Amino acid sequence: MRYRYIILMLVTGGCLLTTAGHALPSDGDNKHLGVATCASSTCHGSVSAYEDSNIRQDEFATWQSVDKHSSAYQILMNDQSKRMASKLGIGPAHQADMCLDCHADNVPIAARGEKFQISDGVGCEACHGGSEKWLSSHTAGVSHQDNLDAGLYPTEDSVKRAELCLSCHLGNKNQMITHRIMGAGHPRMSFELDTFTWLTPHFEVDDDYVQRKGNIDGARDWSIGQSVSAITQLETLLDEKAGHDGIFPELVLFDCHACHRLMSNNQWVPRKGTGLGPGIVRFNDANLLMMRHVLAAVDPGLASAISQKTRDFHVATTRSQPATDQAARALLTDLKKALPVLNSAPYNNDTLQAILDSLVKDGEDGQYRDYVAAEQASMAVDSVILAFETNGAITIEQADRLRQKAEGLFDATANEENYNQRKFVNALQQLKSASP
Ligand code: HEC
Ligand code: HEC
Ligand code: HEC
Ligand code: HEC
């Protein structure tokens, strides 16, 4: 308890306070001046990285050549997009807000500068914020904090970055991949903050970076990504408009396999953490389950409160709308309490052990009776090993040994038809015994 109190004090006294006021780039007050404004050769448009600069200055070339964000608008004109748009009856996809909100920097016309072009897709300012107030000052040797105060978005901050990326890669209550858009043929979204941050980076975390902005820790990013996803899904469910579609709740928030499975399967078995009986559509709680494992390592009390409230929430969905909303709010309150705790937790070898312990305990408690939960847990193990290897908490050899054992988890979940819970839990125990 005291440990948690100290962490909270540290966090609220430190970085969270300085970034708390930042609206997402799409909601900010400042004008977006356009990619062309950033891309001159002496700014971010160099053809190769500068030796004696804090930053690379070839960010534009990276974004344009390998980063898919630069083609996000163009793909709205391909055949797949045309088919989707016609099924949805929304006119051309590249003119529909429903698509542009995520496939471009779709700020209101009044917030677009002279060089702004919607066809630039997800441009610099879609992530870094409208540059109206910091464009001229940010090259003048001012501090990072001055830039943030002038409206630069704090992309280095795990929580703020998670909120930003997930606003498009999961959707939030203002812009969503609804079940209707899915039904029209949108690809399934899968996002993990750590992995995606490093897929096509145009930045380097070197000494001067750490000095200016602090470190980027992959394990922390993984855990914050899970928490912010869970929070975003609950907030969407609670939103009067986004959470419903006619007489149904928004189906995209629920476990896809609850409905999309063969009727002849007849595979139902109870799962302890939900308290639900057969024949019930279950809220997708995969992210909730995963973040709880990290929390169990740093604040077991809060972790078990969240378990209890998750169960209460599942059960409330079978009662009534008001009961569901009330339980969702109670759960959200605890998740938001957990966020700063997770953000400042140490992601070291001890934490890794505790995460594995918690995963195994869930197994022994019968949480993986359901195939989907087991599938999620094996993917989590994979991410966790990689994240701790990347941040140096375990060696490459230790990671390889764990990965070998993790094969057992993938074997046990390879075939949905013959999933065997005992085999899976056994593989989890093996994995734990191999941990460093
Ligand atoms: C909530 C944000 C969001 C909305 C709304 C959205 N998309 Fe997407 N879309 C994405 C993201 C993110 C990806 C990339 C997913 C990935 O690769 O992980 C994507 C991928 C795609 C792809 C595949 C791209 C490729 O490289 O193959 C197509 C096509 C597409 N979207 C079309 C559309 C159309 C048409 C609409 C409007 C009806 C739309 N999207 C609405 C976020 C969104
Ligand atoms: C999809 C979101 C996204 C887009 C689009 C994007 N960036 Fe970034 N950018 C990031 C993230 C995340 C970081 C790393 C965190 C940080 O340092 O803020 C970053 C870092 C940077 C840095 C700082 C590197 C350092 O050492 O401090 C610069 C400069 C930069 N981006 C410029 C650009 C430019 C120019 C463009 C457009 C050509 C662009 N970015 C487009 C997300 C984005
Ligand atoms: C304004 C919406 C938006 C934001 C904000 C955004 N993305 Fe994306 N992102 C997209 C879309 C749309 C695509 C798909 C583009 C395509 O396939 O042409 C995409 C694609 C990607 C891809 C390529 C995925 C693949 O399958 O190859 C990565 C990686 C990615 N985004 C990471 C990030 C990260 C990390 C952040 C946060 C720093 C972020 N994105 C923020 C909309 C966004
Ligand atoms: C409550 C049940 C339910 C849930 C949960 C659900 N769906 Fe569906 N889904 C349906 C129904 C009903 C249809 C419409 C089938 C039809 O039109 O014949 C459908 C249609 C679809 C289609 C179009 C299939 C086709 O044949 O055209 C896709 C794709 C889809 N859902 C994906 C998903 C994904 C991804 C999820 C989870 C994020 C999900 N669904 C969750 C019930 C559900």
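This text goes with the structure placed above it.
Because the structure is a prediction, the values reported are computed rather than measured.

This part is about the site of ligand 3. Around ligand 3, 16 residues are found, and the nearest of them are H69, C102, C165, C168 and H169. Residue H169 places a side-chain N or O atom 2.8 Å away from a nitrogen atom belonging to ligand 3. Within the residue set of the shell around ligand 3, elements represented by two or more residues are helix 6 (97-103), helix 9 (158-169) and helix 11 (193-197). Here the element with the most residues in the shell around ligand 3 is helix 9; it accounts for five residues. For the shell around ligand 3, the per-class residue count stands at nine nonpolar, five polar and two charged.

Excluding glycine, a negative phi dihedral is what most residues carry, and trans is how most peptide bonds are arranged. You will see that Q57, though not glycine, has its phi angle at about 70°, which is positive. Tracing the chain through its elements places Q57 in the loop between helix 3 (35-38) and helix 4 (59-65). Residue classification places Q57 among the buried positions, given a relative accessible area of 11%.

Looking now at the nonpolar core. Ranked by size, the top nonpolar core spans 67 residues in total, and within it L295, I306, L335, Y368 and F424 carry the most contacts. Residue contributions to this core peak at ten residues, all from helix 19 (residues 371-390). Those residues in contact with L295 that lie beyond four places of it in its chain are P300, L302, A303, I306, A338, V341 and L342. Counting eight residues, the second-largest nonpolar core is a separate cluster that includes L76, A96, L100 and A104.

A few words now on the packing of aromatic side chains. All told, the structure shown has seven aromatic pairs when counted by the stated rule. Consider the rings of F191 and F196, whose centres lie 4.8 Å apart with planes at 55°: the pair is tilted. Three or more aromatic residues link up through ring pairs in this structure, and these residues are F254, F283 and F313.

Thresholds, definitions, all that
- Residues numbered from 1 in each chain as written.
- Chains lettered and ligands numbered in written order.
- Predicted model: local features only at pLDDT ≥ 70, side-chain atom pairs only at ≥ 80, totals over all residues.
- Heavy atoms only, no water.
- Near = heavy atom within 4 Å.
- Polar contact = N/O pair within 3.5 Å; in protein donor to acceptor, adjacent residues only side chain to side chain.
- Helix = DSSP H or I, 4+ residues; strand = E, 2+ residues; numbered from the N terminus.
- Nonpolar A, V, L, I, M, F, W, Y, C, P; charged D, E, K, R; others polar.
- Buried < 20%, exposed > 50% of the residue type's maximum accessible area, 1.4 Å probe, protein only.
- Core = buried A, V, L, I, M, F, W, Y, C linked by side-chain atoms within 4.5 Å.
- Contact = heavy atoms within 4.5 Å.
- Phe/Tyr/Trp six-rings, centres within 6.5 Å; stacked < 30°, edge-to-face > 60°.

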